[in-house]
Amino acid sequence: MAQSVTAASWLRPAREQLLAAVQQDRVAHALLIQDAPGAGGTQLAVWLAQLLLCATPAPQGPCGSCAACRSVAADRHPDFTRIGLLEDSKQIRVEQARELAAHLALASHQGGFKVALIDPADALNWNAANALLKTLEEPPARTVLMLVAQQPSRLPATLRSRCQRLRIRVPEREPALEWLQAAVGEGPWEAVLDVIGNAPLLAAGLDPRAVLQIRDETVGGLADLAARRADAAQLADAWSRTELALRLACFETWLTERIRQRAGLGTYSLELRDGTHPDRSDPGSNSLGLFDLLDQLRALRAALATPVNRSLALESLLRSVVV
Ligand SMILES: [Zn+2]
């Protein structure tokens, strides 16, 4: 995928902040990048690794083309280590964290920085997080440990408190579309972002036609359910088998649209995605029920990474659509 992080305009303030820190030699030993889905936290971390290791940095950042920049991007640089989820595992294991800490403790191959990336850091299990504490308490000289997490609250407070925070926000629609067109090419991106939210890096990894097909199927299933032509248990079972995360995103979009219609808020917008609810006291509708449903749906989406009984939780949600 031809994804150029430098083209992601919404990351510019974060890049400038990091660039200034590196140029003034005050880059944090531990950086916690709080990412939003598909907003580019990982790409920003890789950019910083390139910046720290680049052989010929430009005033505005890494050159992107020297051997060091290319090997960081390809995950082959001897002074850049990256850990994440292995295969189907939902957790980063203690052995991975120990290995990373040991790597940071060694002298760098090229006399410069040693850089490590943990992504998604909110998947560190308790032991793995603890294995990193010593590295954070007594960081070796010229080391930078980056953690990218969408839910930093899942990390132990002892670990969080030792990191400098950098928050990446969801981009606006326009820059998200511009980036997708530049990085991936023309496509029905507007419709895709309507489904998944303004998550351009996520959209770039998806097949737009497949996304829209799942949207149509999901919305069709919900319409059948509301008209009592479908059964909640069967629908929950079918959804749980494939593309559940995407189907739940479609469900949230569908629900949000219904709430807006009932509240007379006119055309569909993604504002509700920010978690703010318009006036709940909307008379003459059962919006309160819909808001409760929306809250439960969001809780289920947030819990997808944990071993919940998805089918049962979903079935209970879908039953609420009918009443
Ligand atoms: Zn370079």
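Each remark here, short or long, concerns the structure printed above.
Note that the coordinates shown come from a computational prediction; the quantities given were computed from them, not determined experimentally.

## Here's the deal with the packing of helix α10 (residues 208–226) against helix α11 (residues 232–241)
Packed helices, taken two at a time, are described by their axes: the angle between them and the distance between them. Between α10 and α11, the shortest axis-to-axis distance is 10 Å and the interhelical angle comes to 165 degrees. Classified by the interaxial angle, the pair formed by α10 and α11 is roughly antiparallel. Seen from above, α10 lies across α11 with left-handed handedness. When α10 is examined against α11, the residues Thr-218, Gly-221, Leu-222 and Leu-225 are found in contact with a partner set consisting of Ala-232, Leu-235 and Trp-239. Taken together, the residues of the contact of α10 with α11 break down into five nonpolar, two polar and no charged.

## Observations concerning the pattern of salt bridges
Pairing between side chains becomes possible if they bear opposite charge and their charged atoms approach one another. Summed over all chains, the structure comprises 12 salt bridges. With its nearest N and O atoms 2.7 Å apart, the salt bridge here joins Arg-229 to Asp-224. Judged by relative accessible area, which is 59%, Arg-229 ranks as exposed. With a closest N to O distance of 2.6 Å, Glu-315 and Arg-319 form a salt bridge. Here Glu-315 pairs with Arg-319, and both are found in helix α14 (residues 310–322), just four residues apart, close to one helical turn. With relative accessibility at 17%, the residue Glu-315 sits in the buried group. The exposure class assigned to Arg-319 is partly exposed, which follows from its relative accessible area of 43%. The network of salt bridges with shared partners includes Arg-173, Glu-190 and Asp-194.

## Some remarks on the nonpolar core
Ranked by size, the top nonpolar core spans 50 residues in total, and within it Leu-44, Phe-80, Val-115, Met-146, Trp-179 and Ile-196 carry the most contacts. Sorting elements by how many residues they give to this core places helix α2 (residues 41–53) first, with nine residues.

## Description of the pairing of strand β4 (residues 143–149)
β4 sits mainly inside the fold: seven of its seven residues count as buried. Neither face of β4 is exposed, since Thr-143, Leu-145, Leu-147 and Ala-149 on one face and Val-144, Met-146 and Val-148 on the opposite face are all buried. Inspection of the sheet shows strand β1 (residues 30–34) paired to β4 by five bridges, in the parallel sense. Bridging across to β4, Leu-31 finds its partner in Met-146. Looking at chain direction, strand β3 (residues 114–118) and β4 are connected through five bridges and run parallel. Each residue of the ladder has a partner; that of Val-115, found in β4, is Val-144.

## Overview of the side chain of Ser-71
Structurally, Ser-71 can be placed in helix α3 (residues 67–73). Residue Ser-71 is classed as buried on the basis of its relative accessible area of 11%. Beyond its immediate chain neighbours, meaning those up to four positions away, Ser-71 contacts Arg-76 and His-77.

## Remarks on the coordination of the zinc ion
For a metal with four tetrahedral donors the ideal donor-metal-donor angle is 109.5 degrees, while six octahedral donors give ideal angles of 90 or 180 degrees. Around the zinc ion, the protein contributes the donor atoms Cys-54 (SG), Cys-63 (SG), Cys-66 (SG) and Cys-69 (SG), which lie 2.3 Å from the metal centre. One can describe the site at the zinc ion as tetrahedral: its four donor atoms subtend angles covering 105 to 120 degrees at the metal.

## Concerning the packing of aromatic side chains
One pass over the structure, following the stated rule, counts three aromatic pairs. Ring plane angle 75 degrees and centroid distance 6.3 Å describe the contact between Trp-10 and Trp-179, whose orientation is recorded as edge-to-face. With a gap of 169 residues between them, Trp-10 in the segment before α1 (12–23) and Trp-179 in helix α7 (residues 173–183) connect regions that are remote in the sequence. Residue classification places Trp-10 among the buried positions, given a relative accessible area of 15%. For Trp-179, a relative accessible area of 3% puts it in the buried group. Considering the side-chain rings of Trp-239 and Phe-251, the 5.8 Å spacing of their centres and the 75 degrees angle between planes classify their relative orientation as edge-to-face. With Trp-239 in helix α11 and Phe-251 in helix α12 (residues 244–262), the pair connects residues that are 12 residues apart, well separated along the chain.

## Side note on the packing of α7 against helix α8 (residues 189–196)
Between α7 and α8, the shortest axis-to-axis distance is 10 Å and the interhelical angle comes to 125 degrees. For the element pair α7 / α8, the angle class is oblique. Remark: the crossing between α7 and α8 carries right-handed chirality. Contact with α7, carried on its side by Arg-173, Ala-176, Leu-177, Leu-180 and Gln-181, involves Trp-189, Glu-190, Leu-193 and Asp-194 of α8 and no other residues of that element. Here the contact of α7 with α8 is built from residues that sort into five nonpolar, one polar and three charged.

## Quick notes on the environment of Leu-290
Considering the arrangement of structural elements, one finds Leu-290 in helix α13 (residues 287–302). Taking the relative accessible area as the measure of exposure, Leu-290 reaches 6% and is therefore buried. Note: C-alpha distance between Leu-290 and Val-321 (31 residues apart in sequence) is 8.4 Å. Apart from residues lying up to four places away in sequence, Leu-290 is in contact with Leu-255, Arg-258, Ile-259 and Arg-262.

About the criteria used
- Along every chain, residues carry numbers that run from 1 in the direction the sequence is written.
- Local features in this predicted model are restricted to residues of pLDDT 70 or higher, and side-chain atom pairs are both shown and tallied only at a pLDDT of 80 or more, whereas totals for entire chains, interfaces and linings draw on every residue.
- Heavy atoms throughout the structure, all of them, feed into the side-chain values; hydrogens and water do not.
- Axis definition: a line fit to C-alpha positions, over the contact stretch in the case of helices; interaxial angles, taken between N-to-C directions, run 0 to 180 degrees.
- Only runs of H or I of at least four residues qualify as helices and only runs of E of at least two qualify as strands under DSSP, and these elements are numbered from the N terminus.
- Should an angle lie under 35 degrees it is considered roughly parallel, over 145 roughly antiparallel, and from 65 to 115 roughly perpendicular; all remaining angles are considered oblique.
- For any pair of crossing helices, the crossing counts as left-handed if the nearer helix is rotated counterclockwise from the farther one by less than a right angle, and right-handed if it is rotated clockwise.
- Two residues form a contact once any of their heavy atoms are found within 4.5 Å.
- Gly is put with the polar residues, along with every residue not named as nonpolar or charged; the nonpolar set is Ala, Val, Leu, Ile, Met, Phe, Trp, Tyr, Cys and Pro, and the charged set is Asp, Glu, Lys and Arg.
- Definition used for salt bridges: Asp or Glu carboxyl oxygen within 4 Å of a side-chain nitrogen of Lys or Arg.
- Each residue is assigned to one of three classes by its accessible area relative to the maximum for its type, calculated with a 1.4 Å probe on protein chains only: buried under 20%, partly exposed between the two thresholds, exposed over 50%.
- We define a nonpolar core as any set of buried Ala, Val, Leu, Ile, Met, Phe, Trp, Tyr and Cys residues linked to one another through side-chain atoms lying within 4.5 Å.
- By definition, two strands form a pair when at least two bridges between them are found by DSSP.
- Each metal site is built from N, O and S donor atoms within 2.8 Å (3.2 Å for Na, K and Ca), and since water is not included, such sites may look incomplete.
- Just to be clear on the cut-offs, tetrahedral is four donors with all angles between 85 and 135 degrees, square planar is four donors and octahedral six with opposite donors over 155 degrees apart and all others between 65 and 115, and anything else goes down as irregular.
- Ring pairs are drawn from Phe, Tyr and Trp, using the six-membered ring of Trp, whenever the two centres fall within 6.5 Å, and their geometry is named by plane angle: stacked under 30 degrees, edge-to-face over 60, tilted for the rest.

Taken by themselves, the reported measurements are silent on function.
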